[in-house]
Structure formats: structure tokens, C-alpha cells
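If you want the building blocks of each chain, they are given just below.
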Amino acid sequence: MTWKDRETEDTTTYKVIVNEEEQYAIWPEFKEIPAGWTYGDKAGAKADCLAYIKEVWVDMRPLTVRQQMAQPAPTPAVQSNQIEPPTLVDRLCEGMHTVQIELRPEKTVQRFRETLNRDHVPVKFTGTNGGSEFGIKLDKAACDLSNVDLDNGWGTAHLEGRLSVDFVPVKCVIDIDLPSFEGSGRLVRV
């Protein structure tokens, strides 16, 4: 039996796991999750778990790197009692910001429908340094899809969901226009 044969005959049930840096992996379900990792809301066949990871892991950079890149470039201090610049959470909680839905490998209404069915939507705030991408776990009760026609690919979707940014619990509130998958949004501290 070759290595390739073992891959095609794999009947193991896997679970998706995620670490504090928001990096994903698959792990055999029968094994205990390693220290520093938590269950990532998906279990099943290897191919299904890998497809799920491909969908939700929209930015391969570790969380700390994304956070550092999202911060404004440091400015020289004029005096020692100068006020610290606002954090990413502070900036994204102020006013409305340009956002887009990050669908991979292509932006289609079908891919958008699939993310809605999974209750997990990848959102990018485009106005930060390099853009800030977040995976939003949708709060279906707060979302409004009554102004969207997914069959014809038009309308405006109102989406809300919770997440943590820089270890701060927030709610993401966005309005997305179809078919551009762009719109406006903000974070709200919870």
C-alpha cells in the first residue's frame, strides 16, 4: 500500500481546531485536543474539514501579526504625557467604514449563500493598513436578509455577529450590497 492509497482510504473523523493566533488545523476526533488549541466548530471527513478551513481562514497571518499591521505607523512623541493613539477596536468603533465580503476562490452569490448557511462570513475592513479581515460568527436573529434576492444576486444584506478583536469582545454590524459584496460597517463594543 502506498502513501497515496492511505490518503484515499482515510475513514478517520477529524475535527477542526484553532489556536490563540487564529491558525487552523485538523485533528483526529478520537485524540485529545493539544494544549493551546480549541475546537473550531466543525468535524467530519478530512476533505470536509479542509474545505471548511479554506473558507474561514481568510488571512494566514498569525493574529499578532495582523494586529500589528492594522495599527497606524508610530509617530514620534512630542512630549512624554502624549495620549496613546486609538487602538484598532477604537478606530473601527468610530463611525462607518468601508467593508467587503472576502469570498474565496471567487466572489459569487452562491459562495455568499454558502457562508450564510454556515453562519460564518469573512469580512474585510479595507481602510486599515493592509486591511483587517475577520471571520464573523453570525447572529441570525440580528441579521436582516429581507432586502436581498440571492437567486438574482441583488439587494442589501444587513449582517451582525460577534467576535473578539485584540481580545476585546465586539459585535460587527455591516450592510453589504449585492452583487459587489461591498458596503459599510462598524464594530460595537459588547
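The structure we're discussing is the one just above.
What you see is a predicted model, and the numbers here were worked out from it, not measured in a lab. (Residues numbered from 1 in each chain as written. Predicted model: local features only at pLDDT ≥ 70, side-chain atom pairs only at ≥ 80, totals over all residues. Heavy atoms only, no water.)

For the rest of this paragraph, the subject is the sheet that holds strand β2 (residues 24-28). In spatial order, the strands read β2-β1-β3; together these 3 strands make up an open sheet with antiparallel pairing. This sheet does not close on itself; its edge strands, each paired only once, are β2 and β3 (37-44). Here the average twist between neighbouring strands, direction ignored, is 35 degrees. In this structure, strand β1 (residues 14-19) lies alongside β3, joined through 5 bridges in antiparallel fashion. Paired with asparagine 19 across the bridge in β3 is tryptophan 37. Helix-sheet contacts for helix α2 (residues 46-56) involve β1, β2 and β3, and the interaxial angle to β3 is about 120 degrees. (Pairing = 2+ DSSP bridges. Helix = DSSP H or I, 4+ residues; strand = E, 2+ residues; numbered from the N terminus. Axes fitted to C-alpha atoms, helices over the stretch in contact; angles between N-to-C directions. Contact = heavy atoms within 4.5 Å.)

This part takes up the pattern of salt bridges. Two side chains of opposite charge can pair, provided their charged atoms sit close to one another. Under the criterion given, the structure shown has 11 salt bridges. Here arginine 189 ties to aspartate 90 by a salt bridge, and the two come within 2.4 Å at their closest N and O atoms. Taken together, the residues span a long stretch of sequence, with arginine 189 in strand β10 (residues 182-189) and aspartate 90 in helix α4 (residues 88-93) at a distance of 99 residues. Exposure remark for arginine 189: the relative accessible area of 45% places this residue in the partly exposed category. (Salt bridge = Lys/Arg side-chain N within 4 Å of Asp/Glu carboxyl O. Buried < 20%, exposed > 50% of the residue type's maximum accessible area, 1.4 Å probe, protein only.)

With that out of the way, let us pick up the environment of aspartate 119. Mapped onto the secondary structure, aspartate 119 falls in the loop between α5 (109-117) and β5 (120-125). Each C-alpha atom of the pair aspartate 119 and serine 184 lies 19 Å from the other, and the pair is 65 residues apart in sequence. Not counting residues up to four positions away in its chain, the partners in contact with aspartate 119 are Ile136, Lys137, Leu138 and Lys140.

Moving on to the packing of aromatic side chains. As enumerated under the stated definition, the model contains 3 aromatic pairs in all. Judged by centre distance (6.0 Å) and plane angle (70 degrees), the rings of phenylalanine 125 and phenylalanine 134 are edge-to-face. One residue, lysine 31, lies across the ring of tryptophan 27, its end atom 5.7 Å from the ring centre. (Phe/Tyr/Trp six-rings, centres within 6.5 Å; stacked < 30°, edge-to-face > 60°. Lys NZ or Arg CZ within 6 Å of the ring centre and 35° of its normal.)

Inspection of the secondary structure puts aspartate 149 in strand β7 (residues 148-149). A polar contact is formed between the side chain of aspartate 149 and the backbone nitrogen of aspartate 151, at a distance of 3.1 Å. A polar contact of 2.6 Å, which involves the side chain of aspartate 149, links it to the side chain of asparagine 152. (Polar contact = N/O pair within 3.5 Å; in protein donor to acceptor, adjacent residues only side chain to side chain.)

Right, let's get into the environment of lysine 42. Of note, lysine 42 is situated in strand β3. In sequence terms lysine 42 and phenylalanine 167 are 125 residues apart; their C-alpha atoms lie 23 Å from each other. Residues in contact with lysine 42, not counting those within four places in the same chain, are Tyr14, Lys15, Val16, Asp48, Cys49 and Tyr52.

What follows concerns the pairing of strand β8 (residues 154-165). As paired elements, strand β6 (residues 132-138) and β8 share 2 bridges and run antiparallel to each other. Within the sheet, the bridge partner assigned to lysine 137 lies in β8 and is arginine 162. With 2 bridges joining them, β7 and β8 adopt antiparallel strand pairing. When the sheet's bridge partners are listed, aspartate 149 is paired in β8 with tryptophan 154. Hairpin connection of β7 to β8: 4 residues between the antiparallel strands, including glycine 153 at a positive phi of 70 degrees. Relative to strand β9 (residues 168-178), β8 is paired through 11 bridges, and the arrangement is antiparallel. Considered in β9, the bridge of histidine 158 is made with aspartate 175.

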